[in-house]
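These are the residues of each chain, in order.
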Amino acid sequence: MVSISQKIITIPPVLDRNWVEQSNSLLCERNRNLILDLSKTVRIDSAGLCFIKLLNLQCKNSGKKLILRNISSDHLNLLKTCNFPFQDKESPDSFKNSFFVSTGDTFIKFMNNSVHALSVLTEMLYWGTFGLLKKQDFKRGALGEQMYQLGYKAFGIVTLLSFLIGIVLSLQSAMQLRNFGAGIFLAPLIGITMVREMGPLLTAIILAGRTGSATTAEIATMGVGEELDALQTMGINPIQFAVVPKFWAISITMPILSILATAAGILGGFFVAIFYLDLSSSIFWGELSKHLHLRDLNAGFIKSVVFSWLIIWIGSYYGLRVRGGAEAVGRETTASVVTGIFIIILADAIFSFIL
Amino acid sequence: MLNPLKKDIVRINNLVVKYGENTILNDISTRFYSSEIRVILGTSGCGKTTLLKSIIGLLKPFSGTVYIENTEIKDQDDPETVKILKKIGVLFQNGALLGSMTVGENVALPLQMHTNLPDSIIKEIVQLKLAQVDLPNASELYPGELSGGMKKRAALARALALDPPLLFCDEPSAGLDPVTSAGLDELLLKIRKTLGITIIVVTHELLSIEKIADNITFLSKGALLFDGPLKDALALEKGPIVDFFKRHEPKNKFHLSNTTDFFVENIK
Ligand SMILES: Nc1ncnc2c1ncn2[C@@H]1O[C@H](COP(=O)(O)OP(=O)(O)OP(=O)(O)O)[C@@H](O)[C@H]1O
Ligand SMILES: [Mg+2]
């Protein structure tokens, strides 16, 4: 008689996680029948149950046998209850991974996102302007509060930073200009740079960080907590309630902040001109007004308004598309700031060509 | 099973709601009568909240229609829909109070938005509503400073602020102790009696169902299993509704077909 090779394992009184951890090499056994002797076993925990189940499955698949010897009927019943079919996720078939499908998926996703972003933009513009004739769904004093929050409170940091940037920029230029004896050109140089570029851009970047992130976080939190749904059921338009006050507040305060930032930057340049280049103040202001044209001021103004809309648009788009919980709020806020700054710089580049 | 003669306030016709490809509600048709208390029940995750949200137009149905007071509920920009929404109070499952405003401001919000009442009256109404839900001193607190059950009650006060003829409550008593939740049932019965409003309640509490329900709507896996008077449901002999009321555990919790058998020697 040929004896089939087999291995007898005596299970300890307690078949628990610890034992499974030590003996999981058994799961690699493929060549022998296994006999588990459970005569001493009094307690089996979940790890033990799943271990036996897995062992059984494995033996079956490799054409061998697992025999449970001396198992108590209670334990057998327990085993049977956990012996439900295991539902693995469908393995992705190769079609789903093909190049064309993934390209198409990405494209569709991109289109969906764009459509959503555009609809947020149109809703914001509509409810902020013509929609106001139909209904005014915001808290009394919301506009003033927002202007205070995102305008007045940003005033200090915006002017301080532009003042410093003004000094740095003018110092760098002044050193070069002095070599050529052209120090007098510092005034128009710093003036035009500040008015056309740095004033609006710096303000926009700071506000993208401050207001953009705050907008996203606020709206996203409201979305996650079903507050936006609650507003709708009260017949209150969530866009008007949450976005429109910010939209107007930023449209009004951002040009003002830009002008102040520009002035602070030019003031920085002025100090450099006086103390480093020894120019007289009347020459500085005279040169500045001679070379600064209305079209430069317009360019700066238009930019600051457009940037402010970009900030609030991107902020609310990311806030409105949130799905999930607290973590999603953080993720969308980060994405909103990064995208906001990127889009602003991109828009600035485009403006350089057309303004 | 529903009485065709009674006057109805909500009519739902062949409603199908999907999230992506998942069909959550499959072909639901029912009517809610005016001045009744209707309890929607069913096991967790069967689509009760989804049904509420599609009735009030928060979810766009895949197909089917919802009428409230003979007005079809469309999306939120439709002026007719908004007009109807002002007549509906909704108590969300998690309260959904605006976190950036105090409880008092939350309750005042619908009043400020939809009425021209002077501030002094609004303040009075807020106090009245908060007292009705037994929160007379919470007006200055922020929702984050309330307990779970207090949030629920504050949200109910907000839902009742405009004295709506139609009130939806999603699990009003979840997370409340038996005494408070019994008090809430009393409150619902009282406002129905005094104001004659229709109340649609989602709840699992057997005690409160038996106390307040006129009719019940029983959902199971997105389909409507029973729709009619509570006493008819209680008279049923067997089926999922009886299991629900008798707290039977479901049969076939795990599907034991197709399982691998064990080879056994010598059962102890
Ligand atoms: N936003 C969503 N996106 C996708 N699926 C969802 C969403 N909300 C709910 N679901 C799914 O819809 C189904 C029904 O959910 P619903 O919230 O209506 O259940 P419910 O009956 O209210 O349950 P409970 O008694 O636990 O509140 C669930 O399977 C849930 O996973
Ligand atoms: Mg629910």
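All values derive from a computational prediction rather than experimental measurement. In this convention, every chain numbers its residues from 1, walking through the sequence in written order. Chain A is the first chain written and ligand 1 is the first ligand written, with later ones labelled in order. The model is predicted, so local features are restricted to residues of pLDDT at least 70 and side-chain atom pairs to those at 80 or more, both for listing and for counting; the totals for chains, interfaces and linings are taken over all residues. Side-chain metrics rest on all non-hydrogen atoms present in the structure, leaving aside hydrogens and water.

Engineer: Quick question: what am I supposed to make of the overall build of chain B here?
Structural biologist: A count of helical and extended segments in chain B gives nine helices and eleven strands. When each of the 268 residues of chain B is scored for burial, the buried share is 49%. Long-range contacts, defined as pairs at least 24 residues apart, comprise 64% of the intrachain contacts of chain B with a sequence gap of at least 6. Only the protein chains shown count as cover for residues, with accessible areas throughout obtained via the Shrake-Rupley method and a probe of 1.4 Å. Entry remark: accessible area of chain B is about 13200 Å², with carbon and sulfur atoms responsible for 52%. Secondary structure elements are defined from DSSP: runs of H or I of at least 4 residues count as helices, runs of E of at least 2 residues count as strands, and each element is numbered from the N terminus. Using a 1.4 Å probe on the protein chains alone, a residue whose accessible area is under 20% of its type maximum counts as buried, one over 50% counts as exposed, and one in between counts as partly exposed. Working rule for contacts: check all heavy atoms of both residues, and any pair within 4.5 Å makes them a contact.

Engineer: How should I be thinking about the overall build of chain A in this particular structure?
Structural biologist: If you tally the helices and strands in chain A, you get 13 helices and five strands. Restricting the contact set of chain A to residue pairs at least 6 apart, pairs at least 24 apart contribute 83%. As displayed, chain A has an accessible area near 18700 Å², and 65% of this comes from carbon and sulfur atoms. When the 30 basic and 24 acidic side-chain charges of chain A are each reduced to a single mean position, those positions are 6 Å apart. Only four residue types enter the charge count: Lys and Arg as positive, Asp and Glu as negative, with His and the chain ends excluded. All charge positions are set by atom: Lys at NZ, Arg at CZ, Asp at CG, Glu at CD.

Engineer: Honestly, the packing of helix H10 (residues 238-275) of chain A against helix H11 (residues 281-291) of chain A in this entry has me stumped. Any pointers?
Structural biologist: A packed helix pair is summarised by two numbers, namely the angle formed by the two axes and the spacing between the axes. Residues and elements named next belong to chain A. A fitted line through C-alpha atoms represents every axis, and for helices the fit uses only the stretch in contact; the resulting angles, taken between N-to-C directions, go from 0 to 180 degrees. In the contact formed by H10 and H11, the axes pass within 10 Å of each other and the chain directions differ by 135°. Considered as vectors, H10 and H11 are oriented oblique to each other. When the axes of H10 and H11 are compared, the crossing they make is right-handed. Seen from H10, the contacting residues are Ile266, Gly269, Phe270, Ala273 and Ile274; seen from H11, they are Ser281, Phe284, Trp285 and Leu288. Note on angle classes: values under 35 degrees are labelled roughly parallel, values over 145 roughly antiparallel, values of 65 to 115 roughly perpendicular, and the remainder oblique. In this scheme, a crossing is called left-handed if the near helix is turned counterclockwise away from the far one by less than a right angle; it is called right-handed if the turn is clockwise.

Engineer: Where do I start with helix H1 (residues 48-55) of chain B in this structure?
Structural biologist: Helical periodicity: at 3.6 residues per turn, an α-helix aligns residues three or four positions apart in one direction. Burial analysis of H1(B) places seven of its eight residues in the buried class, the great majority of the element. When H1(B) is considered as a whole, its buried residues turn out to be B:Lys48, B:Thr50, B:Leu51, B:Leu52, B:Lys53, B:Ser54 and B:Ile55.

Engineer: Is there a simple way to explain the coordination of the magnesium ion (ligand 2) in this structure?
Structural biologist: Angles at a metal have ideal values that depend on geometry: 109.5 degrees with four tetrahedral donors, 90 or 180 degrees with six octahedral donors. Residues and elements named next belong to chain B. Coordination partners: N, O, S within 2.8 Å of the metal, 3.2 Å for Na, K and Ca; water not considered, so apparent gaps in a site are possible. Taken together, Thr49 (OG1) and Gln93 (OE1) make up the full set of protein donors to the magnesium ion (ligand 2), lying 1.9 to 2.4 Å away. Within this pair, whereas Thr49 is found in helix H1, its partner Gln93 is found in the loop between strand S6 (88-91) and helix H3 (103-114), the two being separated by 44 residues in sequence. Thr49 gets classed as partly exposed once you look at its relative accessible area, which sits at 22%. Residue Gln93 is classed as partly exposed on the basis of its relative accessible area of 34%.

Engineer: I'm lost on the interface of chain B and chain A in this one. Help?
Structural biologist: Interfaces are often sized by the amount of accessible area the parts lose when they come together. Opposite the 37 residues of chain B that make contact, chain A presents 46 residues. Joining two parts hides part of their accessible area as seen by a 1.4 Å probe, and the buried area is that hidden amount summed over both. Buried area between chain B and chain A, summed over both chains or domains, comes out near 3600 Å², and the portion from carbon and sulfur atoms is 59%. Among the residues chain B hides against chain A, the three largest losses belong to B:Phe262, B:Phe263 and B:Lys268. Together they make up 22% of the total. The rule for a salt bridge is simple: a side-chain nitrogen of Lys or Arg has to be within 4 Å of a carboxyl oxygen of Asp or Glu. At the junction of chain B with chain A, the criterion picks out three salt bridges. Notably, a salt bridge pairs A:Arg140 with B:Asp119, separated by 3.4 Å at the nearest N-O pair. Elements with a contribution of two residues or more to the side of chain B that touches chain A: helix H2 (79-85), S6, H3 and strand S11 (263-265) of chain B. Among the elements that line the side of chain B that touches chain A, the one with the most residues is H3(B), at five residues. All residues other than Ala, Val, Leu, Ile, Met, Phe, Trp, Tyr, Cys, Pro, Asp, Glu, Lys and Arg, Gly among them, are scored as polar; the first ten of these are nonpolar and the last four charged. Looking at the side of chain B that touches chain A residue by residue, the classes come out as 20 nonpolar, ten polar and seven charged. At least two DSSP bridges between two strands are required for those strands to pair. Judged from the three bridges that link them, strand S5 (residues 66-69) of chain A and S11(B) form a sheet pairing that is parallel. Looking at S11(B), one finds that A:Ile67 is bridged to B:Phe263.

Engineer: It is not clear to me how the sheet that holds strand S1 (residues 6-10) of chain A should be interpreted in this structure. Could you clarify?
Structural biologist: Backbone-to-backbone hydrogen bonds pair the strands of a sheet. The strands run either parallel or antiparallel. Strand order in this open sheet of four strands is S1(A)-S3(A)-S5(A)-S11(B), and the pairing throughout is parallel. The sheet is open, and its two borders are formed by S1 of chain A together with S11 of chain B, each paired with just one other strand. Averaged over all adjacent pairs, the angle separating strand axes in this sheet is 25°, with direction ignored. Direction of pairing for strand S3 (residues 33-37) of chain A relative to S5(A): parallel, over a ladder of four bridges. Note that in S5(A) the partner of A:Asp37 across the bridge is A:Arg69. Set on the sheet, helix H2 (residues 46-61) of chain A makes contact with S3 and S5 of chain A; between it and S5(A) the angle comes to about 140°.

Engineer: Would you mind showing me how to read the environment of B:Lys123 here?
Structural biologist: Residue and element names in this part refer to chain B. Inspection of the secondary structure puts Lys123 in helix H4 (residues 119-132). Looking at Lys123, the relative accessible area reads 62%, which means it is exposed. Separated by 15 residues in the primary sequence, Lys123 and Ala108 have C-alpha atoms spaced 7.4 Å apart.

Engineer: Any chance you could explain the confidence of the model for chain B here in plain terms?
Structural biologist: Detailed reading of the predicted coordinates is not advisable wherever pLDDT is low. All names here are of chain B. For every residue, the predictor states its confidence as a pLDDT score lying anywhere from 0 to 100. Mean pLDDT over chain B: 84, with 93% of residues reaching 70 or higher. No element of chain B has a lower mean pLDDT than helix H9 (residues 240-245), at 77, and none a higher one than strand S8 (residues 198-202), at 93. Within the model, pLDDT remains below 50 along residues 253-258, and this stretch shows seven contacts once partners closer than five positions in the same chain are excluded. Interface scoring of the predicted complex returns ipTM 0.70; its pTM is 0.72.

Engineer: It is not clear to me how the side chain of B:Lys129 should be interpreted in this structure. Could you clarify?
Structural biologist: All names here are of chain B. Within the secondary structure layout, Lys129 lies in helix H4. Engagement of the side chain of Lys129 in a polar contact is seen with the backbone oxygen of Leu160, the distance being 3.5 Å. Here Asp163 takes part through its side chain, which lies 2.8 Å from a polar atom of the side chain of Lys129. Polar contact is the term for a pair of N or O atoms within 3.5 Å; when the atoms are in protein, one must be able to donate a hydrogen and the other to accept it, and sequence-neighboring residues count only if both atoms are side-chain atoms.

Engineer: Please explain a nonpolar patch on the surface as it appears in this structure.
Structural biologist: Residue and element names in this part refer to chain A. Each patch groups residues whose relative accessible area exceeds 30% and which form no salt bridge, using 9 Å between like charges and 5 Å between nonpolar side chains of Val, Leu, Ile, Met, Phe, Trp and Tyr. Taken together, the side chains of Phe301, Ile302, Phe342, Leu346, Ile350, Phe353, Ile354 and Leu355 make up a nonpolar region of the molecular surface, amounting to roughly 860 Å² of accessible area. Elements that contribute at least two residues to the nonpolar patch include exactly helix H12 (294-320) and helix H13 (326-354). Per-element tally for the nonpolar patch: the top contributor is H13, with five residues. The exposed category is assigned to Ile354, whose relative accessible area is 60%.

Engineer: Hey, could you run me through the site of ligand 1 in this one?
Structural biologist: Residues and elements named next belong to chain B. Any residue with a non-hydrogen atom lying within 4 Å of a molecule or strand is treated as near it. Around ligand 1, the neighbouring residues are Tyr19, Ile24, Ser44, Gly45, Cys46, Gly47, Lys48, Thr49, Thr50, Gln93, Glu171 and His204. The separation between an oxygen atom of ligand 1 and a polar side-chain atom of Ser44 is 2.6 Å. The backbone of Lys48 places a nitrogen or oxygen atom 2.7 Å from an oxygen atom of ligand 1. With the chains in place, 60% of the 640 Å² that ligand 1 exposes on its own is no longer accessible. Sorting elements by how many residues they give to the shell around ligand 1 places H1 first, with three residues. Split by residue class, the shell around ligand 1 holds three nonpolar, seven polar and two charged.

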